[in-house]
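# Structural overview for review
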Amino acid sequence: MSFFDESLHLDDLPIDEERSFEPLPDGWYTSAISSCEERATKAGTGKYLAMCFTITGPTHINRTIFSNLNVINPSSGAEAFGRRKVREIMLAIGITKLESKDSFIGGELAIKLKTRQDPGYGAQNEVDGFKAITGSKMPAPPEPAPEAEVKKAKSTSPPWAN
């Protein structure tokens, strides 16, 4: 009994393009954030964002780059570094408040790649920077406080005297 309504022959099926897993040359690439997952650290003492970036240009289109960013970590230095990178991404894609990791999905930005040597895996790309793509939408400046609130804030008398 056939699983499909028709039989499939190997010669009739599409051939996968040969994929390269060699590191991309160091430099800036435009990209889109294709996924972002919150995961627990291996030790179980923190959390990080596992992000995937799909290259959109100028070369190596559709290659995927992975980056993990610590957001909660017992090491204050690791946590601060990860949170600075999250801030860079938010600025680059034009969001001022992150309420969900899903807010990153589809964000377009430039990523700076560098190559590092991993003892177990050899040469690998590492994301070393984030910036807005020229001409991309940046966050709007915050709206000024209403005039009544400004006057109230400037008052030198205690609040109960007004």
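Just so it is clear, the model here is predicted, and its values are computed rather than measured.

## Considerations on the overall build of the protein
A tally of regular secondary structure across the protein gives 2 helices and 5 strands. Counting from the amino terminus, helix and strand elements in the protein follow one another as β-β-β-α-β-β-α. By residue count, 25% of the 162 residues in the protein fall in the buried class. Sequence-distant contacts in the protein: of pairs separated by 6 or more residues, those separated by 24 or more amount to 47%. By element, 54% of the accessible surface of the protein is carried by carbon and sulfur atoms, the whole surface being about 12100 Å².

## Some points on the packing of aromatic side chains
Applying the stated criterion across every chain, the model contains 1 aromatic pair. Here the basic side chain of Lys131 rests over the ring of Trp28, its NZ or CZ set 4.3 Å away from the ring centre.

## Some words on a negative patch on the surface
The grouping of Asp5, Glu6, Asp11 and Asp12 at the surface amounts to a negative patch. Checked against the element boundaries, Asp12 lands in the segment before β1 (27–40).

## Regarding the environment of Ser100
Relative to the helices and strands, Ser100 is located in the loop between α1 (76–93) and β4 (108–118). Under the relative-accessibility criterion, Ser100 is labelled partly exposed at 30%. Taking C-alpha positions, Ser100 is 9.9 Å from Cys36, a pair spaced 64 residues apart along the chain. Within the structure, the side chain of Ser100 is placed 3.0 Å from the backbone nitrogen of Asp102, a separation counted as a polar contact.

## Some remarks on the pattern of salt bridges
Counted by the stated rule, this structure contains 10 salt bridges. Here Glu79 ties to Arg83 by a salt bridge, and the two come within 3.4 Å at their closest N and O atoms. Separated by 4 residues within a single helix, Glu79 and Arg83 lie in helix α1, roughly one turn from each other. Through salt bridges with shared partners, a single network forms among Lys114, Arg116, Asp118, Glu126 and Asp128.

## A short note on the side chain of Asn73
As for its placement among the helices and strands, Asn73 is situated in the loop between β3 (64–72) and α1. Taking relative accessible area as the criterion, Asn73 reaches 18% and is therefore assigned buried. A polar contact of 2.8 Å, which involves the side chain of Asn73, links it to the backbone nitrogen of Ser75.

## Things to note about the sheet that holds strand β5 (residues 122–131)
One open sheet holds the 5 strands; their spatial order is β3-β2-β1-β4-β5, and the pairing between them is antiparallel. Sheet topology places β3 and β5 at the edges, where each strand pairs with a single neighbour. Geometrically, the sheet is characterised by an average inter-axis angle of 40° between neighbouring strands, direction not taken into account. Lying over the sheet, α1 contacts β1, β2 (47–57), β3, β4 and β5, oriented at roughly 125° with respect to β3.

## Side note on the environment of Leu98
Mapped onto the secondary structure, Leu98 falls in the loop between α1 and β4. What makes Leu98 partly exposed here is its relative accessible area of 32%. Placed 11 residues apart in sequence, Leu98 and Arg87 show a C-alpha to C-alpha distance of 9.6 Å. Among all residues touching Leu98, those that are not within four sequence positions of it are Val86, Met90, Ser103 and Phe104.

About the cut-offs
- Residues numbered from 1 in each chain as written.
- Predicted model: local features only at pLDDT ≥ 70, side-chain atom pairs only at ≥ 80, totals over all residues.
- Heavy atoms only, no water.
- Helix = DSSP H or I, 4+ residues; strand = E, 2+ residues; numbered from the N terminus.
- Buried < 20%, exposed > 50% of the residue type's maximum accessible area, 1.4 Å probe, protein only.
- Contact = heavy atoms within 4.5 Å.
- Areas by Shrake-Rupley, 256 points an atom, 1.4 Å probe, with all protein chains shown as cover.
- Phe/Tyr/Trp six-rings, centres within 6.5 Å; stacked < 30°, edge-to-face > 60°.
- Lys NZ or Arg CZ within 6 Å of the ring centre and 35° of its normal.
- Patch = residues over 30% accessible without salt bridge, like charges linked within 9 Å, V, L, I, M, F, W, Y side chains within 5 Å.
- Salt bridge = Lys/Arg side-chain N within 4 Å of Asp/Glu carboxyl O.
- Lys, Arg positive; Asp, Glu negative; His and termini not counted.
- Charge placed at Lys NZ, Arg CZ, Asp CG, Glu CD.
- Polar contact = N/O pair within 3.5 Å; in protein donor to acceptor, adjacent residues only side chain to side chain.
- Pairing = 2+ DSSP bridges.
- Axes fitted to C-alpha atoms, helices over the stretch in contact; angles between N-to-C directions.

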